[in-house]
Amino acid sequence: MGENKVAIITGASRGIGRACALELAKAGYDIAVSYAGNDEAANKTIDDLKALGVKAKAYKFNVADKEACTKATEEILSEFGGVDVLVNNAGITRDGLFMRMNAENWEAVINTNLNSAFYMSNAVIKTMVKQRSGCIINMSSIVGVMGNAGQANYSAAKAGLIGLTKTLAKELGSRNIRVNAIAPGFIQTDMTKDLDPEKMSEHIPLKRLGQPEDIAKTVKFLAQDGLYITGQVIGVDGGLVV
Ligand code: NAP
């Protein structure tokens with residue numbers, strides 16, 4: 001492994017994942033950026049990471065595909081020499097009322113938001129166990145905690161991530177691997193571009209939507225060595241869920 005610590009962040013071309021990549025790069029991490037298809041955004045993120053003086057490389061693959069996750073992770077481990085932090089962040093929405101929800105939209109969301117975390121965690125875990133250290137952060141959501149009309153698929157996936165987080169924390173704590181989840185509220189990214197910020201802010205105690213950097217700061221906090229925190233779900237939502 002090189003001198004720098006290494007972070008793998010899925011869905012890091014844009015939005016929350018990109019902000020996490022930049023924040024960890026500022027803290028001296030080399031970054032493997034995963035993304036689905038937006039080459040332009042991925043290249044821009046890589047340029048911005050390199051400008052911070054760290055190693056950064058983009059990997060285009062579908063996190064909903066187990067074989068693709070395994071292959072990409074093998075490439076990353078060999079290129080970067082190991083991994084200290086995995087952020088399972090890539091996600092999509094396919095909203096609709098449950099009565100009209102088809103299996104395609106159900107499966108796409110479960111595969112991309114939940115199964116991906118199994119595939120990626122599975123692909124790094126032997127390395128982390130061997131090195132007796134590691135940190136996994138799963139990007140859940142407030143709707144995984146409280147549900148949301150029109151998001152049965154997404155809420156189920158995000159709740160599933162919480163169960164995975166708590167179980168992995170119990171299984172892996174003795175190997176010095178910490179596993180936590182973040183439950184963001186409404187964060188201003190492409191995913192939430194149709195929301196009216198002013199209207200939404202009225203319902204948020206801190207009276208503003210979150211920014212990707214709000215989540216990124218929490219990721220950096222959770223990634224710290226020796227932190228006495230595992231199996232937790234950290235709400236970063238301006239006080240929306242208390
Ligand atoms: P975003 O702006 O839509 O960005 C999504 C990222 O995920 C992009 O980098 C995208 O890559 C990547 N991605 C999507 N599908 C993928 C796939 N199948 N394989 C690989 N990469 C894939 O989303 P965001 O708002 O930053 O959300 C990031 C995470 O936070 C998601 O898990 C989301 O559910 C969660 N979250 C967001 C909010 C919010 O308010 N924004 C709230 C709670 C939780 P391309 O650029 O190549 O498309």
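Residues numbered from 1 in each chain as written. Predicted model: local features only at pLDDT ≥ 70, side-chain atom pairs only at ≥ 80, totals over all residues. Heavy atoms only, no water.

Student: Sorry, what's going on with the environment of Ala 56 here?
Tutor: For Ala 56, the position within the fold is in strand β3 (residues 56–60). Taking the C-alpha atoms as reference, Ala 56 lies 5.8 Å from Ala 32; in sequence the two are 24 residues apart. (Helix = DSSP H or I, 4+ residues; strand = E, 2+ residues; numbered from the N terminus.)

Student: I would appreciate a short explanation of the site of the ligand in the present structure.
Tutor: Around the ligand sit 32 residues, and of these Ser 13, Gly 37, Asn 89, Tyr 154 and Thr 189 come closest. Between a nitrogen atom of the ligand and a side-chain N or O atom of Asn 62, the distance comes to 2.8 Å. Relative to its free-state accessible area of 910 Å², the ligand is covered by the protein chains to the extent of 93%. When residues of the shell around the ligand are traced back to their parent elements, those giving at least two are α1 (15–26), α4 (103–131) and α6 (152–172). Residue composition of the shell around the ligand, grouped by class: 14 nonpolar, 15 polar and three charged. (Near = heavy atom within 4 Å. Polar contact = N/O pair within 3.5 Å; in protein donor to acceptor, adjacent residues only side chain to side chain. Areas by Shrake-Rupley, 256 points an atom, 1.4 Å probe, with all protein chains shown as cover. Nonpolar A, V, L, I, M, F, W, Y, C, P; charged D, E, K, R; others polar.)

Student: Got a minute to help me understand the side chain of Ser 141 in this structure?
Tutor: Looking at the secondary structure, you find Ser 141 in the loop between β5 (134–139) and α5 (142–146). There is a polar contact of 3.1 Å between the side chain of Ser 141 and the backbone nitrogen of Val 143. If we ignore the near neighbours within four places in the chain, the residues touching Ser 141 are Tyr 154, Lys 158, Ile 182, Ala 183 and Pro 184. (Contact = heavy atoms within 4.5 Å.)

Student: How do you make sense of the sheet that holds strand β2 (residues 30–35) when you look at a structure like this?
Tutor: Note: strands within a sheet are paired through backbone hydrogen bonds, in either parallel or antiparallel orientation. Taken in spatial order, the seven strands of this open sheet run β3-β2-β1-β4-β5-β6-β7, and their pairing is parallel. Each edge of the open sheet is held by one strand with a lone partner, namely β3 and β7 (233–236). The average undirected angle you get between the axes of adjacent strands in this sheet is 20 degrees. For strand β6 (residues 177–184) and β7, the ladder comprises four bridges, and the chain directions are parallel. Paired with Pro 184 across the strands is Val 236, a residue of β7. Taken strand by strand, helix α3 (residues 66–80) contacts β1 (6–9), β2 and β3, and its axis lies near 165 degrees from that of β3. Its contacts with the sheet put helix α8 (residues 212–223) on β4 (85–88), β5, β6 and β7, and the angle it makes with β6 is roughly 165 degrees. (Pairing = 2+ DSSP bridges. Axes fitted to C-alpha atoms, helices over the stretch in contact; angles between N-to-C directions.)

Student: Can you walk me through unusual backbone geometry in this structure?
Tutor: Excluding glycine, residues mostly carry a negative phi; peptide bonds, for their part, are mostly trans. Its identity as a non-glycine residue notwithstanding, Asn 176 has a phi of 65 degrees, on the positive side. Inspection of the secondary structure assignment puts Asn 176 in the loop between α6 and β6. Notably, Lys 207 is not glycine yet its phi reads approximately 60 degrees, a positive angle. With respect to the helices, strands and loops of the structure, Lys 207 is situated in the loop between α7 (197–201) and α8. For Lys 207, a relative accessible area of 52% puts it in the exposed group. (Buried < 20%, exposed > 50% of the residue type's maximum accessible area, 1.4 Å probe, protein only.)

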